[in-house]
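Below are the chains, spelled out letter by letter.
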Amino acid sequence: MNFNPLKNIIKTLPNNPGVYQYYDKKETIIYIGKAKNLKKRVSSYFTKNQIGKTAILVKQIADIKTIVVDSEIEALLLENNLIKKYQPKYNIMLKDDKTYPWICIKNERFPRMFSTRNIVKDGSDYFGPYASVKMMNTVLTLIRELYPLRNCNYNLSKENVEANKFKVCLEYHIGNCKAPCINEQSEKDYDISIAHIKSIIKGNINSVTKHLKPLMQSYSDNLHYEKAQLLKERIEILEKYQSKSVVVSPTINDVDVFSIISDEKYGYVNYLKVINGAIIQGHTIELKKKLDETDDALLQIGIAEMRLRFGSHSKEVIVPFKPELNDEHIRFLVPQRGDKKKLLELSDRNAKYYRLERNKQKENVSPTKNSDRILERMQKDLRMKVKPVHIECFDNSNIQGTNPVSACVVFKDAKPSKKDYRHFNIKTVEGPDDFASMTEVIYRRYKRLLEEKLPLPQLIIIDGGKGQLSASLKSIDKLGLRGKITIIGIAKKLEEIYFPGDSIPLYIDKKSESLKVIQYLRNEAHRFGITHHRNKRSKAAITSELDKIEGIGYKTAQQLLWKFKSVARIKKATLQELENTISKKRAKVVFKHLNKNS
């Protein structure tokens, strides 16, 4: 590609903040980005040795166009809008195509209030959007309980009302409307209700109750008890609603909270809106990566998208780290302790929960597609020739050399196949020799599979480092399986992956699904092995106490322990109590043996 035309464009670029657009030969926008300094940012694409998807992008750039703005935050907002409009091939994709509902208060005399998914720019006030329709309906129901509003479509202009063009409807008779259509309710009184409603929707419930309480007292002092009682009921409803909100701290007012988690393909940004110490809104978006974008880039997009969508103008924004974004109107805060730190942790938990739910949904829609993606990733990360459809993992368990056992867990299609799990009691090794135990178990396992002509795994995972892996290879070589099965060891401390004959470990990305599956296998093998080891030790403990009694086997001893809980209590039991648990003949044998020195 001839870079000269692009170099000429870059030379003339300004050092201002703005948005740059890359076009291909077909004059299609393939990437949109924002920059604090357009010249420096765009130049970096052509002066650095790019790798991966970014290198592919650079090769396709045929033209560059820019839009200069006044600040970095304006650039971020413009970038977000342009990405939504053009959806370029190499940009992060916002995986959120839902149209969420809003609460609308119409721009008219005696405003109506209703829910809508369509925003009309006619001067009306819109509140939301609400990710939960249930939450929105709860707010609407609360407001209608407190403030009777009209829901008719009449044009209640001053002229029409004074001309008596309207008659009261059923809503008036059942108490849902105060009939402003016939001047039963004044415009001033109606507007006070609307002001209170806006405060409630925004979460400023305290300001409403502060206005209502002295008014209630005034009505009571002037003997207007019915009006006072009505206000008292409204205040109680408001306080009950407020108590159900997630209250974090009354000292935290008008704050936005953002958190970000990501994996190889997606980023998840959670947003919480806090007003007067209560969380009034929460939402998570999924961002699909295109150019291995950093968490910082994802967080910036999430902040721009969510603040624009929810109409937030909070000056304080709580974040897990300070993004590379300068705006004199926003103060980014990374809390280290206290209530604000707890808020950030709550946001992080919500992002993780959302990712978990999304993964479950994807798996339910196409279980095989999800498994195939994970196995393809493992094949690539572990440099395998085939996908590891069948994986086996081994772990040894012993405490001070007693009752050594080993566990083998089996995963098929990246999921546990528990019917194929196996326990091994170590037979040829004395004392706590982990390496020799691993050699024995690997040999026994795969000798049997070969003899019974059962399918072999594509991948064997050994819980341990170079030593355990070398011990396993002795059996693999003895059985002639070297090169036919991929075998690796995973060291616990740094999650290092060891390959045969390579002293330098492989470090897989901590966010990689490959490492998560390997860790899952390792932990499952450990759990399965420990459970069996505990059972074996329990059995050994029983026999060590009761095996001296001639004619009493393991099952009888177990029955006694289930009933009496310990050998000490068995010794204290009467003959009758023993006979109620086991046969009379065995009860007499046990009683005689345990009380022979009495």
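Residues numbered from 1 in each chain as written. Predicted model: local features only at pLDDT ≥ 70, side-chain atom pairs only at ≥ 80, totals over all residues. Heavy atoms only, no water.

Engineer: Describe the overall build of the protein, naming the residues involved and giving the relevant values.
Structural biologist: Looking only at helices and strands, the protein features 20 helices and 20 strands. A globule of 598 residues ought to have a C-alpha radius of gyration of about 25 Å, yet the protein, at 35 Å, is considerably larger. Among the 598 residues that make up the protein, the fraction classed as buried is 46%. The contacts of the protein with a sequence gap of at least 6 include a subset with a gap of at least 24, amounting to 60%. Of the roughly 33,200 Å² that the protein leaves accessible, carbon and sulfur atoms contribute 50%. If you average the places of the 107 positive and of the 70 negative side-chain charges in the protein, the two averages end up 5 Å apart. (Helix = DSSP H or I, 4+ residues; strand = E, 2+ residues; numbered from the N terminus. Rg over C-alpha atoms; globule rule 2.2 N^0.38 Å. Buried < 20%, exposed > 50% of the residue type's maximum accessible area, 1.4 Å probe, protein only. Contact = heavy atoms within 4.5 Å. Areas by Shrake-Rupley, 256 points an atom, 1.4 Å probe, with all protein chains shown as cover. Lys, Arg positive; Asp, Glu negative; His and termini not counted. Charge placed at Lys NZ, Arg CZ, Asp CG, Glu CD.)

Engineer: If you had to explain the packing of helix α14 (residues 434–451) against helix α15 (residues 466–478) to someone new, which residues and values would you point to?
Structural biologist: Across the interface, α14 lies against α15 with an axial gap of 8 Å and an inter-helix angle of 35 degrees. The element α14 and its partner α15 pack so that their crossing is right-handed. Only G467, Q468, A471, S472, K474, S475, I476 and K478 of α15 make contact with α14, whose side of the interface consists of D434, F435, M438, T439, I442 and Y443. Here the residues of the contact of α14 with α15 are counted per class, giving six nonpolar, five polar and three charged. (Axes fitted to C-alpha atoms, helices over the stretch in contact; angles between N-to-C directions. Left-handed = near helix turned anticlockwise from the far one by under 90°. Nonpolar A, V, L, I, M, F, W, Y, C, P; charged D, E, K, R; others polar.)

Engineer: Which residues make up the packing of helix α4 (residues 72–86) against helix α11 (residues 295–309), and what values do they have?
Structural biologist: In contact at an axis separation of 9 Å, α4 and α11 are set at 85 degrees when each is read in the N-to-C sense. By the angle class used here, α4 and α11 are roughly perpendicular. On α11, the residues that touch L76, L77, E79, N80, N81 and K84 of α4 are Q300, I301, A304, E305 and L308. (Parallel < 35°, antiparallel > 145°, perpendicular 65-115°, else oblique.)

Engineer: How would you explain the sheet that holds strand β6 (residues 113–116) if you had to name every residue and give the values?
Structural biologist: Within the open sheet, the three strands sit side by side as β6-β5-β7. Their pairing is antiparallel. At either end of the open sheet lies a strand with only one pairing partner, and these are β6 and β7 (125–127). The sheet shows a mean angle of 30 degrees between the axes of neighbouring strands, direction not considered. When strand β5 (residues 102–105) meets β7, the two strands line up antiparallel, connected through three bridges. For C104, the partnering residue across the bridge sits in β7 and is Y126. Across the sheet, helix α8 (residues 187–202) lies against β5, β6 and β7, angled at about 165 degrees from β5, the strand it touches most. (Pairing = 2+ DSSP bridges.)

Engineer: Quick one: what's the story with α14, residue by residue and with numbers?
Structural biologist: Here α14 is 18 residues long and its end C-alpha atoms lie 26 Å apart, about the 26 Å a rise of 1.5 Å per residue gives. When we look at burial in α14, the residues that qualify are S437, M438, E440, V441, I442, R445, Y446 and L449. A positive phi of about 55 degrees marks K453, the residue just after α14. (Expected span 1.5 Å × (residues − 1).)

Engineer: If you had to explain the sheet that holds strand β1 (residues 18–23) to someone new, which residues and values would you point to?
Structural biologist: Spatial ordering of the open sheet is given by β2-β1-β3, a layout of three strands whose pairing is antiparallel. Strands at the two margins of the open sheet, each flanked by one partner only, are β2 (29–35) and β3 (63–68). Within this sheet the neighbouring strands show an average axis-to-axis angle of 20 degrees, counted without direction. Of the strand pairs in this sheet, β1 and β3 are connected by six bridges, and their pairing is antiparallel. Along β3, the bridge assignment pairs V19 with I67.

Engineer: So what about the packing of aromatic side chains? Which residues, and what values?
Structural biologist: Counted according to the given criterion, the structure contains 15 aromatic pairs. Plain terms: the ring middles of Y20 and Y45 are 6.0 Å apart, the flat faces sit at 65 degrees to each other, and that makes the pair edge-to-face. Of this pair, Y20 sits in strand β1 while Y45 is found in helix α2 (residues 38–47), placing the two residues 25 residues apart along the sequence. Just as Y20 is buried, Y45 falls in that class too. Taken together through their ring pairs, the aromatic side chains of Y20, Y22, Y31 and Y45 make up a single cluster. Note that K65 overlies the ring of Y23, its terminal NZ or CZ placed 4.9 Å from the centroid. Cation over ring: K478 sits above Y443, and NZ or CZ is 4.7 Å from the ring centre. (Phe/Tyr/Trp six-rings, centres within 6.5 Å; stacked < 30°, edge-to-face > 60°. Lys NZ or Arg CZ within 6 Å of the ring centre and 35° of its normal.)

Engineer: Give a description of the pairing of strand β9 (residues 255–262) that names residues and reports values.
Structural biologist: The element β9 is extensively covered by neighbouring structure, given that eight of its eight residues are classed as buried. Alternating positions in β9 separate into two faces, V255, V257, S259 and I261 on one and D256, F258, I260 and S262 on the other, with burial throughout. Here β9 pairs with strand β10 (residues 266–275) via eight bridges, running antiparallel. Paired with I260 across the two strands is V269, which belongs to β10. Here β9 folds back onto β10 in antiparallel fashion, the turn holding three residues. Where β9 and strand β12 (residues 316–318) come together, three bridges link them in parallel fashion.

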